[in-house]
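So the chains spell out like this:
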Amino acid sequence: MMMKRRLMIQYIRQHFKAKLIISLSVIITVCSLVTGYISYRINLNLFEGEISSQYLKTSEQTMMQIGYKLQDIYRITDFIFFHPYVEQLILQMQAEAKEHESAAYRNYLLERELAEVLLPIKSETPHIRAVYITDVRGNNLYYSQSNISRPLQFPEFYKQVEQGMLNPLAEIVWQRLMLRDELEPTGEKSYLVAARKLMSPKQHTLYGTVILIIDEAFFQESLDPLLTDRAMGAYLYDQYNRLLYSLGPSQPSSFRPELEEGEGTFVQSNSTADYLTVTSVYEPRAFKLLSGVSLSEIKKKGRNVYKLALVSGFISILLMTVSVSFLGGKMLKPLQVLVKAMHRVREGNLRVAIPKASADEFGFLTDSFNRMMTNIDTLIQEVYVSKLSEKEAELKALQAQLNPHFLHNTLNTIYWKIILLYDDEETASLVTSLSDLLKYALAPVSTPSTLQEELAQIRNYITIQEARYGSELHVSIEMEEGLEEGGMQRLLLQPLVENVFIHAFRDMTGEKRLSIRACRQGGDLRIDIEDNGCGMPAGTVGRIWAEQAVHAESRERESIGIRNVIRRIFLVHGDAYGLEIHPLLHGTRMSLKLPFIMDPDKKGGAEDADSAGRG
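So, here's what we can say about the structure. (Residues numbered from 1 in each chain as written. Predicted model: local features only at pLDDT ≥ 70, side-chain atom pairs only at ≥ 80, totals over all residues. Heavy atoms only, no water.)

### Here we look at the overall build of the protein
Along the backbone of the protein there are 15 helices and 18 strands. Across the protein, contacts joining residues at least 24 apart in sequence account for 61% of those joining residues at least 6 apart. (Helix = DSSP H or I, 4+ residues; strand = E, 2+ residues; numbered from the N terminus. Contact = heavy atoms within 4.5 Å.)

### Topic: the environment of Ser-269
Within the secondary structure, Ser-269 sits in strand E8 (residues 264-269). Each C-alpha atom, one on Ser-269 and one on Ser-294, is 9.7 Å from the other, the two residues being 25 residues apart in sequence.

### Concerning the side chain of Thr-209
By secondary structure assignment, the location of Thr-209 is in strand E5 (residues 206-214). Residues contacting Thr-209, with those up to four places away along its chain left out, are Tyr-132, Ile-133, Thr-134, Tyr-158, Arg-196, Lys-197 and Leu-198.

### A closer look at the sheet that holds strand E12 (residues 473-479)
Taken in spatial order, the 5 strands make up an open sheet running E12-E14-E15-E17-E16, and their pairing is mixed. Each edge of the sheet is formed by a strand with only one pairing partner; in this case those strands are E12 and strand E16 (578-584). For this sheet the average axis-to-axis angle between neighbouring strands, irrespective of direction, equals 15°. Relative to strand E17 (residues 587-595), strand E15 (residues 524-531) runs antiparallel, the two sharing 8 bridges. (Pairing = 2+ DSSP bridges. Axes fitted to C-alpha atoms, helices over the stretch in contact; angles between N-to-C directions.)

### Notes on the pairing of strand E1 (residues 128-134)
Extensive coverage of E1 is indicated by the burial of 7 of its 7 residues. Bridge count between E1 and E5: 6 bridges; the pairing is antiparallel. In the sheet register, Ile-128 faces E5, and the bridge partner there is Ile-214. (Buried < 20%, exposed > 50% of the residue type's maximum accessible area, 1.4 Å probe, protein only.)

### With respect to the packing of aromatic side chains
Considering all chains together, one arrives at 10 aromatic pairs under this definition. Residues Phe-154 and Phe-157 carry aromatic rings whose centres are separated by 5.6 Å and whose planes lie at 85° to one another, so their mutual orientation is edge-to-face. Residue classification places Phe-157 among the buried residues on the basis of a relative accessible area of 4%. Between the aromatic rings of Trp-174 and Phe-287, the centroid separation amounts to 6.2 Å while the plane-to-plane angle is 80°, which identifies the pairing as edge-to-face. Of the two residues, Trp-174 is situated in strand E3 (residues 173-180) and Phe-287 in strand E10 (residues 287-294); the sequence distance between them amounts to 113 residues. Overall, the relative accessible area of 0% leaves Phe-287 in the buried class. By the ring-pair criterion, three or more aromatic residues cluster together here, those being Trp-174, Phe-218, Phe-219, Tyr-245 and Phe-287. The ring of Phe-218 has Lys-69 sitting right over it, with the charged end atom 5.5 Å from the ring centre. (Phe/Tyr/Trp six-rings, centres within 6.5 Å; stacked < 30°, edge-to-face > 60°. Lys NZ or Arg CZ within 6 Å of the ring centre and 35° of its normal.)

### Concerning the pattern of salt bridges
By the definition in use, this model includes 16 salt bridges. For Arg-196, the salt bridge goes to Asp-78, with nearest N and O atoms at 2.6 Å. One end of the pair, Arg-196, is in strand E4 (residues 188-199); the other, Asp-78, is in helix H2 (residues 16-81), and 118 residues separate them in sequence. With relative accessibility at 5%, the residue Arg-196 sits in the buried group. For the salt bridge of Arg-371 with Asp-367, the shortest nitrogen-to-oxygen distance reads 3.4 Å. Of this pair, Arg-371 and Asp-367 both sit in helix H8 (residues 361-400), 4 residues apart, which is roughly one turn of that helix. Shared partners join several salt bridges into a network, and the residues in it are Arg-129, Lys-189 and Asp-215. (Salt bridge = Lys/Arg side-chain N within 4 Å of Asp/Glu carboxyl O.)

### Concerning a nonpolar patch on the surface
A cluster of nonpolar residues, Ile-22, Val-26, Val-30, Leu-33, Val-34, Tyr-37, Ile-38 and Ile-42, forms a patch on the protein surface that exposes about 680 Å² of accessible area. Relative to the elements of secondary structure, Val-34 occurs in helix H2. (Patch = residues over 30% accessible without salt bridge, like charges linked within 9 Å, V, L, I, M, F, W, Y side chains within 5 Å. Areas by Shrake-Rupley, 256 points an atom, 1.4 Å probe, with all protein chains shown as cover.)

### Things to note about the packing of helix H11 (residues 451-469) against helix H12 (residues 493-504)
Remark: H11 packs on H12, axes separated minimally by 10 Å, with the N-to-C direction vectors making an angle of 20°. By the criterion of interaxial angle, the relationship of H11 to H12 is roughly parallel. H11 and H12 meet at a crossing whose hand is right-handed. In this structure, H11 uses Glu-454, Leu-455, Ile-458, Tyr-461, Ile-462, Gln-465 and Tyr-469 to contact H12, whose residues at the interface are Leu-493, Gln-494, Val-497, Glu-498 and Phe-501. Of the residues contributing to the contact of H11 with H12, the split by class is 8 nonpolar, 2 polar and 2 charged. (Parallel < 35°, antiparallel > 145°, perpendicular 65-115°, else oblique. Left-handed = near helix turned anticlockwise from the far one by under 90°. Nonpolar A, V, L, I, M, F, W, Y, C, P; charged D, E, K, R; others polar.)

### What about the packing of helix H3 (residues 84-94) against helix H4 (residues 103-117)?
Closest axis-to-axis distance for the H3/H4 pair is 10 Å, and the angle between their directions is 165°. The orientation of H3 relative to H4 falls into the category roughly antiparallel. In the crossing of H3 with H4, the sense of the turn from one axis to the other is left-handed. Facing H3, whose interface residues are Tyr-85, Val-86, Leu-89, Ile-90, Gln-92 and Met-93, H4 presents Arg-106, Asn-107, Leu-110, Glu-111, Glu-113, Leu-114 and Val-117. Of the residues in the contact of H3 with H4, the class split is 8 nonpolar, 2 polar and 3 charged.

### Let's talk about the nonpolar core
Of all hydrophobic cores here, the largest spans 50 residues; its most connected members are Trp-174 and Phe-219. Broken down by element, the residue count for this core peaks at 10 residues, all from H2. Here Phe-219 is in contact with Ile-66, Leu-70, Trp-174, Leu-192, Leu-236, Leu-244 and Tyr-245, once residues within four sequence places are set aside. (Core = buried A, V, L, I, M, F, W, Y, C linked by side-chain atoms within 4.5 Å.)

### Points about the sheet that holds E3
Taken together, 5 strands build an open sheet; the order of strands is E2-E1-E5-E4-E3 and the sheet is antiparallel. Across the chains shown, the open sheet's two edge strands, defined by having one partner strand only, are strand E2 (140-143) and E3. In this sheet, neighbouring strand axes are inclined to one another by 30° on average, regardless of whether the strands run parallel or antiparallel. Of the strands in this sheet, E1, E2, E4 and E5 touch H3, which is tilted by about 110° from E5. Strands in contact with helix H5 (residues 156-163) are E1, E3, E4 and E5; relative to E3, the strand with the most contacts, it is inclined by about 140°.

Have a look at this one:
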């Protein structure tokens, strides 16, 4: 036995065909198991999803029909509850009889009047078997026609109903009671009882109770569509989560679904099987409908799919073994030659050629391999030359671009032309301010800067604005001593100051004041920008925080605007720092909170960047 095993192992090691058969058998077996299980789960989920969707839709439609019926009962009781003449007649029945007045005859007349008032409700629904109205002590004052063979006894029946009324105030309380019925073989029959206390809308005092006796077919007709072949029954719960009515399956089952929190579909299990339960809620009255369906048939179909996949896998293994054994020698030989040639190419020999031995697919592969090897050097050269050409074209395109520093140099030339030819110092000052602003803005946003440099550019911007507004504009810029070399991000103040002129001073006439103050606050730097403009509405402030733009490198130059300032501070310094906006009585104050950092190399780095930016 051991010898045979060794010979078999040796044969497998020495023959590729045997290895191929074993390997493919293992692969097919594993794939069959995996795909079978996946198919089983997919089909099971599809079946469950389809049945869940259909059953949920049916349950919701059923609950809606039940809701309509509940509303009919509420409408009937509302007619009695809010009818002022009903309250008057019932109170007169409960009043003491006058002297020389027959209480029985008086109540008989009052009951006839009450019957005429309540006549419209008799034809509302055929499932209402009886309507009773009692006083506060449970004595029956009104009794409509009924199909119940024997009238109920009061106040005993009233006490039985009152025990199940959890909420005695103006809300219908539903119960399911066994009432005497001589037409039934057992002498009793189950009825639905809907009771509601009668309260005076004006006095807010109880003066009676209305009791409706309703046939169970009232709900049964609506629940019948839920009782399919696999259904586990339908259960209707009232607003207090008490089981009001249930309709069992045609075949009794040991499983009864439990009421879940919320609504939708749920999977419940017992010791033998899984069940899909559906809970639908009628929101206006908080009634809940619970129904269930067995998943055993669905899982059985899924298991059949799984078994079919396994059988297919085993058949594939047999067919594969026969095919490889019969055709393997001829088919695998050209493949082995091709593999050997590829190994030589892998070692660096690009002059490999394979003789064409057949005209089939292997012959096509052989011919394609030979052509590939003859063209590979040419392709390498073409790709290499193409990359060089692309690089050269890219360099030329970059060289052809307009150098933005050319604008800065042009402004300097205009400045000297204005001074030398026209002697216009005011216009020349504006050109100088614009030139300095452009030179400062041309540097990358990541270039280090200081508070002193930022305020210098703000002064240049103010110079340009003063030429526009003249004496109406009053600007104050203050900086606490020792803050000059404090490091900060470039172009943080410019968007905020520009926002004042664009929005705060846009439609403003008269004196315009702008104050910029920089000071230490503990270990941090605080910069306040305050104006007396038109102010910023609270809604605008909220939108600024809600609509912060997402940062992207392609939009780095879009560093204009309050949202961009907030975003840049957050990305560099985190949540501890940022911008605060305070609406004032006249105007707005924006406060920047930044870390105060003294960097001795910052100033030199900024000068180097400026000198590098000169064209």
